[in-house]
There are 2 protein chains.
Amino acid sequence: MYIAVMGCGVVGSGVVELIEKNGAQIAEKAGTDFVDVKYILDLRDFPDRPYGHKVVHDVNTIIDDPEVEIVVETMGGLTVAYNFVSKCLQAGKSVVTSNKELVAARGYDLLQLAKENSVSFLFEASVCGGIPAIHPLADCLGANQITEVAGILNGTTNFILTKMIRENMSFATALKMAQELGYAEADPTADVEGLDACRKICILASLAYGTHVSPVEVHTEGITKITLEDVEYAEDHGCVIKLLGRAKLVEDDKIFIMVSPALVNKTSPLSSVDDVFNALFVRGDAVGDVMFYGRGAGKFPTASAVVADVMDCIRLGKNTKIGYTWGPHADCRIADYKQTETCLYVRGFAKDKQAALVALREGFGHIETLSRKDAPENEIAFITPLMPEGDLREVLLNTKNFAEASVIRVTDY
Amino acid sequence: MYIAVMGCGVVGSGVVELIEKNGAQIAEKAGTDFVDVKYILDLRDFPDRPYGHKVVHDVNTIIDDPEVEIVVETMGGLTVAYNFVSKCLQAGKSVVTSNKELVAARGYDLLQLAKENSVSFLFEASVCGGIPAIHPLADCLGANQITEVAGILNGTTNFILTKMIRENMSFATALKMAQELGYAEADPTADVEGLDACRKICILASLAYGTHVSPVEVHTEGITKITLEDVEYAEDHGCVIKLLGRAKLVEDDKIFIMVSPALVNKTSPLSSVDDVFNALFVRGDAVGDVMFYGRGAGKFPTASAVVADVMDCIRLGKNTKIGYTWGPHADCRIADYKQTETCLYVRGFAKDKQAALVALREGFGHIETLSRKDAPENEIAFITPLMPEGDLREVLLNTKNFAEASVIRVTDY
């Protein structure tokens, strides 16, 4: 079976090299005689690499070659990737992608296009890199109603938070270290502001709840405002702070979906997912809680997921019943997160601490105050009761003589 | 699509009830009009249950009905189950089982029989209950050479060890509590002696390394000899004691496979898998380390895995390329564990402690001594260097004036 790889960056070259290394086993397990990369599409040439002679610059070379039945898209980006992937699907080729931006933005359209052309469109590598996530969620847990999915979906921010929690490093210092180690880009916005995690939770929510969810619909907060004071107070509450993508079914079949920092209890398996590791937590009505853990990025972990999808395409042939599917965007399917119940962790300052505490207790009914070593005299930190987030925010707004500095949601796992 | 369920115990009734509850979604995701249980085979009648009218007592009712294309085996045991499953496969029906004893003993034969009859034989539920384990290992990580698999594969023993570690409870008390809670059988031998975990690691090793591995070939130790003293010393070494099933590729393409208690470092994700939860850790050449976590037993978690396999059978139809496969038993494929390198934790007693320490240091070259509060004067505990286990045992045997009380292997994860 001949395949083509579009985009010879980190992941694309990983795919080529992994097929070169484990090709015999890959072919045997997929039930075919051989798996070989026939073309590598890239703007650049790679004359010094062993696969340099396979490089082409025109996508039509791939599209027009009937021997190529499966195309891997590892270019990234939206416009050109969408254009090329559409053409491949229309030409009757199955497509495997690691491009989360593409799937989050145009997943529904591309799944439809694949269906119309009786081919597969698979994207295991778009979420959690090498960790099996899409496949287990869609297939292995297919008998379940998925109550909730939550994940540590971005390795860069998890590395930064781990350094803050374990080594008392400031956000700025930890970010600098992440950049030096190559975990964070020179412009770290997409990671630290939660945009990358947002794309991934959109894909997971679309899959779990059957409606295309776009990143623009999702309330997204990053980790830039997290301080070491918050880390200390979380510790006092038996928690660590993690950047979570979360989606769950709420009233009226609506979807609660959000990316934000959250306090995670140390008894939760998510709490011990450290450094650049990712994890996906799934709650199903039959299976209960399950979690998948591993490296969410990197050349060979991501290539591992891409090649697994290629093997699935080979096995399935034209039997596309196994392909994932979800419906189009639906107005009003996303719940207003302010109406969803949560507990909040709040840290702030009061000139008259005793008066502020009286007012906060009156406003919330009950608060659990937290403490840390060497806190300034006028600092207050506490956990609110469980209430709709909008109501909690209103109480905060109306509490006189208390100025909030940090507000972080508290999960029940 | 009509299916039949053989054995209406805990798991079997869970399968029937789960299909009743989520049937519409199950059918839609599997790409069929409906999924319905036509027959339930059991020796007993269940007149008070809503599915009581589906009960039959003769397996031939199922075998002779061409409408039944998939049969679920949840009877357990070996002889009758093998007989019935063989007949179903020969009759051209796909079979899904949760029966680890059956797969560990006869997996190769049944996979061959399925292949000959162009049907599927799937067994996701036989390992780690509801946690996707078989499917991710075989398919999602199919592009990898699997360097190692290790799992907390038995919930009963993990519950007991957790009580010993967290609450300083003795083995006997924790076992009694497990029995009272229904986690352990009246005769707990299969759990506490490691036999149940052994069946599961055999299935995982067969899948990962392509050769049928039988429980009789596997060195198996249970947890009955673990003491609270050992738990304390493990803590001093930054570890917890877990019952692990382990398999890895070693020299000459041989398989190291073992079930035994082991010291697991607290930095490992396996260390925080507590209570009745199970986890499977997989190390692949491309993906690195991944872990799958969840409930390894129970009515609905196990039914979740069984029904996922049923859905796979429906999707695949007569395309059996996706079915797992491994080769027959091979003489000499299992490595002698005494030739495999390990570190050992050793606890023992010496009349002349200083003399014994000198002798131990001389024998091993170097040891790392451990301490615990209120240890008796004559107690010694230490970690050996990394050496073939047989050599380590010989040094122990030859060290005069030291009587070992506990020996536990130390993992490198």
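Residues numbered from 1 in each chain as written. Chains lettered and ligands numbered in written order. Predicted model: local features only at pLDDT ≥ 70, side-chain atom pairs only at ≥ 80, totals over all residues. Heavy atoms only, no water.

Colleague: Can you walk me through the overall build of chain A in this structure?
Modeller: When you go through chain A residue by residue, the secondary structure sums to 13 helices and 17 strands. For chain A, whose C-alpha radius of gyration is 23 Å, the value lies close to the compact-globule estimate of 22 Å for 413 residues. Principal-axis analysis of the C-alpha atoms places the extent of chain A at approximately 75 × 45 × 35 Å. Taking all 413 residues of chain A together, the buried fraction comes to 60%. The contacts of chain A with a sequence gap of at least 6 include a subset with a gap of at least 24, amounting to 73%. For chain A, the accessible area works out to roughly 15,900 Å², and carbon and sulfur atoms hold 49% of it. Positive and negative charge centroids in chain A, built from 39 and 57 side chains respectively, lie 2 Å apart. (Helix = DSSP H or I, 4+ residues; strand = E, 2+ residues; numbered from the N terminus. Rg over C-alpha atoms; globule rule 2.2 N^0.38 Å. Buried < 20%, exposed > 50% of the residue type's maximum accessible area, 1.4 Å probe, protein only. Contact = heavy atoms within 4.5 Å. Areas by Shrake-Rupley, 256 points an atom, 1.4 Å probe, with all protein chains shown as cover. Lys, Arg positive; Asp, Glu negative; His and termini not counted. Charge placed at Lys NZ, Arg CZ, Asp CG, Glu CD.)

Colleague: Would you take a moment to explain the sheet that holds strand 6 (residues 121-122) of chain A for this structure?
Modeller: Either a parallel or an antiparallel arrangement is found when strands of a sheet pair, and the pairing is made through backbone hydrogen bonds. Residues and elements named next belong to chain A. The strand order across the open sheet formed by six strands is 3-2-1-4-5-6, and the pairing between neighbours is parallel. The open sheet terminates on both sides in strands that have one partner only, identified here as strand 3 (55-56) and strand 6. Strand direction decides the pairing type here: strand 2 (residues 36-41) and strand 3, joined by two bridges, are parallel. Residue pairing for strand 3: Leu41 is matched across the bridge by Val56. Packing against the sheet, helix 1 (residues 10-30) makes contact with strand 1 (2-6) and strand 2, and its axis sits at approximately 155 degrees to strand 1. (Pairing = 2+ DSSP bridges. Axes fitted to C-alpha atoms, helices over the stretch in contact; angles between N-to-C directions.)

Colleague: Please clarify how unusual backbone geometry should be interpreted in this entry.
Modeller: In most cases, non-glycine residues show a negative phi, while peptide bonds are predominantly trans. For Asn401 of chain A, which is not a glycine, the phi torsion comes out positive at approximately 65 degrees. Position of Asn401 of chain A among the secondary structure elements: in the loop between helix 13 (389-398) and strand 17 (403-410). Among the residues examined, Asn401 of chain A registers a relative accessible area of 57% and is labelled exposed. Its identity as a non-glycine residue notwithstanding, Asp275 of chain B has a phi of 55 degrees, on the positive side. By the secondary structure assignment, Asp275 of chain B is in the loop between strand 10 (254-265) and strand 11 (277-284).

Colleague: Quick question: what am I supposed to make of the interface of chain B and chain A here?
Modeller: Often, the extent of an interface is quoted as the loss of accessible area on bringing the components together. Taken together, the contact pairs 47 residues of chain B with 47 residues of chain A. Buried surface at the junction of chain B and chain A, summed over both partners, amounts to about 4,000 Å²; 53% is from carbon and sulfur atoms. Taken together, chain B and chain A are joined by four salt bridges. For the salt bridge of Lys21 of chain A with Asp285 of chain B, the shortest nitrogen-to-oxygen distance reads 2.6 Å. Run the count over chain B and chain A and you get 20 residue pairs in polar contact (both at pLDDT 80 or more). When contributions to the side of chain B that touches chain A are tallied by element, the ones reaching two or more residues are helix 1 (10-30), helix 5 (134-140), strand 12 (288-295) and helix 11 (299-316) of chain B. For the side of chain B that touches chain A, the element with the most residues is helix 11 of chain B, which contributes ten residues. (Buried area = accessible area lost by both parts, 1.4 Å probe. Salt bridge = Lys/Arg side-chain N within 4 Å of Asp/Glu carboxyl O. Polar contact = N/O pair within 3.5 Å; in protein donor to acceptor, adjacent residues only side chain to side chain.)

Colleague: Quick question: what am I supposed to make of a negative patch on the surface here?
Modeller: A surface patch of like charges, here negative, comprises Glu251, Asp252, Glu341, Asp391 and Glu394 of chain A. The residue Asp391 of chain A is located in helix 13 in this model. (Patch = residues over 30% accessible without salt bridge, like charges linked within 9 Å, V, L, I, M, F, W, Y side chains within 5 Å.)

Colleague: Explanation requested: the relation of the copies chain B and chain A in the structure shown.
Modeller: Copy one and copy two of the chain differ by a rotation about an axis and a translation along that axis. Mapping chain B onto chain A leaves a residual RMSD of 0.0 Å; the transformation is a rotation of 180 degrees accompanied by 0.0 Å of translation along its axis. The superposition operator between the copies reduces to a two-fold rotation axis. Among all residues of chain B, the one whose C-alpha sits closest to the rotation axis is Phe292 of chain B, at a distance of 2.4 Å. Looking at chain B, 100% of its interface residues are interface residues in chain A too, so the copies touch through the same face. (Least-squares fit on C-alpha atoms with pLDDT ≥ 70 in both.)

Colleague: What should I look at first to understand the nonpolar core in this one?
Modeller: One recurring pattern in soluble globular proteins: nonpolar side chains tend to sit buried together. Phe121 of chain A together with Phe121 of chain B are the most contacted members of the largest nonpolar core, which totals 244 residues. Other than its neighbours up to four places away in sequence, Phe121 of chain A contacts Val85, Leu89, Val95, Thr97, Val103, Leu110, Leu111 and Ala114 of chain A. The next biggest cluster of nonpolar side chains, apart from the first, holds 27 residues, and it includes Ala150 and Phe281 of chain A together with Ala150 and Met291 of chain B. (Core = buried A, V, L, I, M, F, W, Y, C linked by side-chain atoms within 4.5 Å.)

Colleague: How should helix 13 (residues 389-398) of chain B be read in this particular structure?
Modeller: Working note: α-helix, 3.6 residues per turn, so residues spaced by three or four point in the same direction. Residues and elements named next belong to chain B. Among all positions in helix 13, only Glu389, Leu392, Val395 and Leu396 are buried. Angular distribution of buried residues about the axis of helix 13 spans 125 degrees; they occupy a single face of the element. Of the residues in helix 13, the exposed ones pointing more than 90 degrees away from the buried face are Leu397 and Asn398. Considering only its buried residues, helix 13 is in contact with strand 10, strand 13 (341-349), helix 12 (353-364), strand 15 (379-383), strand 16 (387-388) and strand 17 (403-410). (Arc of directions from axis to C-beta.)

Colleague: So what exactly am I meant to see when it comes to the packing of helix 4 (residues 100-116) of chain B against helix 9 (residues 195-209) of chain B here?
Modeller: Axes are the key here: two packed helices are described by the angle between their axes and the distance separating the axes. All names here are of chain B. Here helix 4 crosses helix 9 at 50 degrees, and the two axes come no closer than 9 Å. Our classification of the angle between helix 4 and helix 9 gives oblique. Helix-helix and strand crossings are classified by hand; for helix 4 and helix 9 the assignment is left-handed. Here helix 4 contributes Lys100, Glu101, Val103 and Ala104 to the contact with helix 9, which in turn contributes Asp196, Arg199, Lys200, Cys202 and Ile203. Each residue belonging to the contact of helix 4 with helix 9 can be placed in one class, and the counts come to four nonpolar, no polar and five charged. (Parallel < 35°, antiparallel > 145°, perpendicular 65-115°, else oblique. Left-handed = near helix turned anticlockwise from the far one by under 90°. Nonpolar A, V, L, I, M, F, W, Y, C, P; charged D, E, K, R; others polar.)

Colleague: For this particular structure, what's the right way to read the sheet that holds strand 4 (residues 68-73) of chain B?
Modeller: The strand order across the open sheet built from six strands is 3-2-1-4-5-6 (chain B), with neighbouring strands paired in parallel fashion. With one partner strand each, in any of the chains shown, strand 3 (55-56) and strand 6 (121-122) of chain B form the two edges of the open sheet.

Colleague: Help me out: how do you make sense of the pairing of strand 17 of chain A in this one?
Modeller: When a strand is regular, its side chains alternate between the sheet's two faces. All names here are of chain A. Strand direction decides the pairing type here: strand 10 (residues 254-265) and strand 17, joined by two bridges, are parallel. Bridge pairing links Ala262 to Arg409 in strand 17. Bridging between strand 13 (residues 341-349) and strand 17 involves seven bridges; their strand directions are antiparallel. Note that in strand 17 the partner of Tyr345 across the bridge is Ile408.

Colleague: Mind showing me how you'd approach the pattern of salt bridges here?
Modeller: Oppositely charged side chains may form a pair once their charged atoms are brought near each other. As enumerated under the stated definition, the model contains 52 salt bridges over all chains in all. Its salt-bridge partner being Asp139 of chain A, residue Arg315 of chain B comes within 3.4 Å of it at the nearest N-O pair. With Arg315 of chain B in helix 11 and Asp139 of chain A in helix 5 (residues 134-140), the pair connects residues from two separate chains. As far as burial versus exposure is concerned, Arg315 of chain B and Asp139 of chain A are alike and both buried.

Colleague: I would appreciate a short explanation of the side chain of Glu379 of chain B in the present structure.
Modeller: Residues and elements named next belong to chain B. Mapped onto the elements, Glu379 comes out in strand 15. Polar side-chain contacts of Glu379 include one of 2.4 Å to the side chain of Tyr233. One polar contact links Glu379 to Arg372, side chain to side chain, over a distance of 2.8 Å. Those residues in contact with Glu379 that lie beyond four places of it in its chain are Glu229, Tyr233, Arg347, Gly348, Phe349, Lys353 and Arg372.

Colleague: What is the right way to look at the side chain of Thr74 of chain B in this model?
Modeller: Residue and element names in this part refer to chain B. In this structure, Thr74 sits in the loop between strand 4 and helix 3 (79-90). Taking the relative accessible area as the measure of exposure, Thr74 reaches 11% and is therefore buried. A polar side-chain atom of Thr74 sits 2.8 Å from the main-chain carbonyl oxygen of Gly7. With residues up to four places along the chain from it excluded, the contact list for Thr74 reads Val5, Met6, Gly7, Val11, Gly12 and Ser98.

Colleague: What is the right way to look at the environment of Ala262 of chain B in this model?
Modeller: Residues and elements named next belong to chain B. Relative to the assigned elements, Ala262 resides in strand 10. Taking C-alpha positions, Ala262 is 22 Å from Lys373, a pair spaced 111 residues apart along the chain. Apart from the residues lying within four places of it in its own chain, the contact partners of Ala262 are Val240, Ile241, Lys242, Leu244, Ile408, Arg409 and Thr411.

Colleague: Just checking my understanding: could you explain the packing of helix 12 (residues 353-364) of chain A against helix 13 of chain A for this structure?
Modeller: Residue and element names in this part refer to chain A. Packing of helix 12 against helix 13 brings their axes to within 10 Å, and their N-to-C directions diverge by 150 degrees. What the angle tells us is that helix 12 and helix 13 run roughly antiparallel. Note that helix 12 runs across helix 13; the crossing there is right-handed. Contacts between helix 12 and helix 13 involve Leu360, Gly363 and Phe364 on the former and, on the latter, Leu392, Val395 and Leu396. Classifying every residue of the contact of helix 12 with helix 13 by side-chain character gives five nonpolar, one polar and no charged.

Treat this as a map of the structure, not an account of what it does.
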